[in-house]
Amino acid sequence: NGMFLHEVIEALEKKYGAGNIPYGIQYDILSSLLRTLDGLHNIKDRYTKKRTNGFVHMDIQPSNVFFENTQVVIDATENVTSDREVVIGTAKFIDLQSALPLKESKKGLVAIRQKDEPSFVTFGYSAPEQVHFSGYEFTQATDVYQVAAIAARMLTGVEIQFSDVSYDKLVKKMADNHAKE
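From a predicted model like this one, the values you see are computed outputs, not experimental measurements. (Residues numbered from 1 in each chain as written. Predicted model: local features only at pLDDT ≥ 70, side-chain atom pairs only at ≥ 80, totals over all residues. Heavy atoms only, no water.)

K.L.:
Explain the packing of helix α1 (residues 5–16) against helix α2 (residues 23–41) here, please?
P.N.:
A pair of packed helices is characterised by two quantities: the angle between their axes and the separation of those axes. Contact geometry for α1 and α2: axes closest at 12 Å, N-to-C directions at 175°. One finds that α1 runs roughly antiparallel with respect to α2. Facing α1, whose interface residues are L5, V8, L12 and Y16, α2 presents I25, I29 and L33. Among the residues forming the contact of α1 with α2, the class breakdown is seven nonpolar, no polar and no charged. (Axes fitted to C-alpha atoms, helices over the stretch in contact; angles between N-to-C directions. Helix = DSSP H or I, 4+ residues; strand = E, 2+ residues; numbered from the N terminus. Parallel < 35°, antiparallel > 145°, perpendicular 65-115°, else oblique. Contact = heavy atoms within 4.5 Å. Nonpolar A, V, L, I, M, F, W, Y, C, P; charged D, E, K, R; others polar.)

K.L.:
Just checking my understanding: could you explain the packing of α2 against helix α4 (residues 140–156) for this structure?
P.N.:
Following both chains from N to C, one finds α2 and α4 inclined at 165°, their axes separated by 11 Å at the closest point. Taken together, α2 and α4 sit at an angle that is classed as roughly antiparallel. Relative to α4, α2 is oriented so that their crossing is right-handed. Residues Y23, Q26, I29, L30, L33, L34, L37, L40 and H41 of α2 touch α4, and the partners they reach there are Q140, D143, V144, V147, I150, A151, M154 and L155. Grouping the constituent residues of the contact of α2 with α4 by class yields 13 nonpolar, three polar and one charged. (Left-handed = near helix turned anticlockwise from the far one by under 90°.)

K.L.:
What is the right way to look at the sheet that holds strand β8 (residues 91–93) in this model?
P.N.:
Backbone hydrogen bonds hold the strands of a sheet together, and the pairing may be parallel or antiparallel. The strand order β1-β5-β8 describes an open sheet built from three strands, whose pairing is antiparallel. In this open sheet, the two edge strands, each paired with only one partner strand, are β1 (2–4) and β8. Across this sheet, the average inter-strand angle for adjacent strands is 25°, counted without regard to direction. Direction of pairing for strand β5 (residues 65–68) relative to β8: antiparallel, over a ladder of three bridges. Residue pairing in the sheet places V65 in a bridge with F93 of β8. (Pairing = 2+ DSSP bridges.)

K.L.:
Is there a simple way to explain a positive patch on the surface in this structure?
P.N.:
The grouping of K44, R46, K49 and R51 at the surface amounts to a positive patch. Within the secondary structure, K44 sits in strand β2 (residues 42–44). (Patch = residues over 30% accessible without salt bridge, like charges linked within 9 Å, V, L, I, M, F, W, Y side chains within 5 Å. Areas by Shrake-Rupley, 256 points an atom, 1.4 Å probe, with all protein chains shown as cover. Salt bridge = Lys/Arg side-chain N within 4 Å of Asp/Glu carboxyl O. Lys, Arg positive; Asp, Glu negative; His and termini not counted. Charge placed at Lys NZ, Arg CZ, Asp CG, Glu CD.)

K.L.:
Can you help me understand α1 in this one?
P.N.:
Quick reminder: α-helices carry 3.6 residues per turn. Residues three or four places apart thus point the same way. Look at α1: 16 Å from first C-alpha to last across 12 residues, which is about the 16 Å you get at 1.5 Å a residue. Looking only at α1, the buried set comprises L5, V8, I9, A11, L12 and E13. Where α1 ends, the next residue or the one after it, G17, has phi of about 100°, a positive value. (Expected span 1.5 Å × (residues − 1). Buried < 20%, exposed > 50% of the residue type's maximum accessible area, 1.4 Å probe, protein only.)

K.L.:
I'm lost on the sheet that holds strand β11 (residues 137–138) in this one. Help?
P.N.:
Here we have four strands laid out as an open sheet, ordered β4-β9-β10-β11, and antiparallel in their pairing. If you trace the sheet from one side to the other, it starts and ends with β4 (55–56) and β11, each paired once. Of the strand pairs in this sheet, strand β10 (residues 108–112) and β11 are connected by two bridges, and their pairing is antiparallel. The residue of β11 that forms the bridge with I112 is E137.

K.L.:
What is the right way to read the pairing of β10 from this model?
P.N.:
Regular strands place side chains that alternate from one sheet face to the opposite one. As paired elements, strand β9 (residues 100–105) and β10 share four bridges and run antiparallel to each other. Bridge pairing in β10 links K103 to V110.

K.L.:
What is the right way to read the packing of aromatic side chains from this model?
P.N.:
Working definition: an aromatic ring pair is given by the centre-to-centre distance plus the angle between the planes. On inspection of all chains with the given rule, the structure shows one aromatic pair. Here the aromatic rings of F4 and F66 are separated by 5.1 Å at their centres, their planes lie at 75°, and the arrangement is edge-to-face. Here F4 is found in strand β1, whereas its partner F66 is found in strand β5, with 62 residues between them in sequence. A relative accessible area of 27% places F4 in the partly exposed class. (Phe/Tyr/Trp six-rings, centres within 6.5 Å; stacked < 30°, edge-to-face > 60°.)

This is the structure in structure tokens:
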């Protein structure tokens, strides 16, 4: 019982309009995503309860996030499992084939992609260091960028290409949305 994030976003945009998803719902989605991301980055051993170095997912995008126990009611005639029209459950990451283990280095925790390993890029969501192939060492910031790209997608109603949207445009869109609420 759940929905992929791309389905959630599509349903919410159908209900509220592109770029008009209420901030409270965006907060619920992003909070669940960030809790799951923290669990991936900081894996806790189930028996010893010690935290170990986790993984960098490397491909967080709406098609690779599944929300358990989630529903978005667009029409009152739908089969409803809750008295709330929008219920956001627990985020789960799928498609971990591009995930890299975090390891200690002189630079801190890094995930290293070997030169012969394939690189996955999802335009609109991949971090600049992935798109520009600027190296083989990645940090947790790569995944955080991807979550921020999802936030920008929900906020603006369009997939953000980091090269064509300025900070000023994002702030203006936020102000415009806030004025509508």
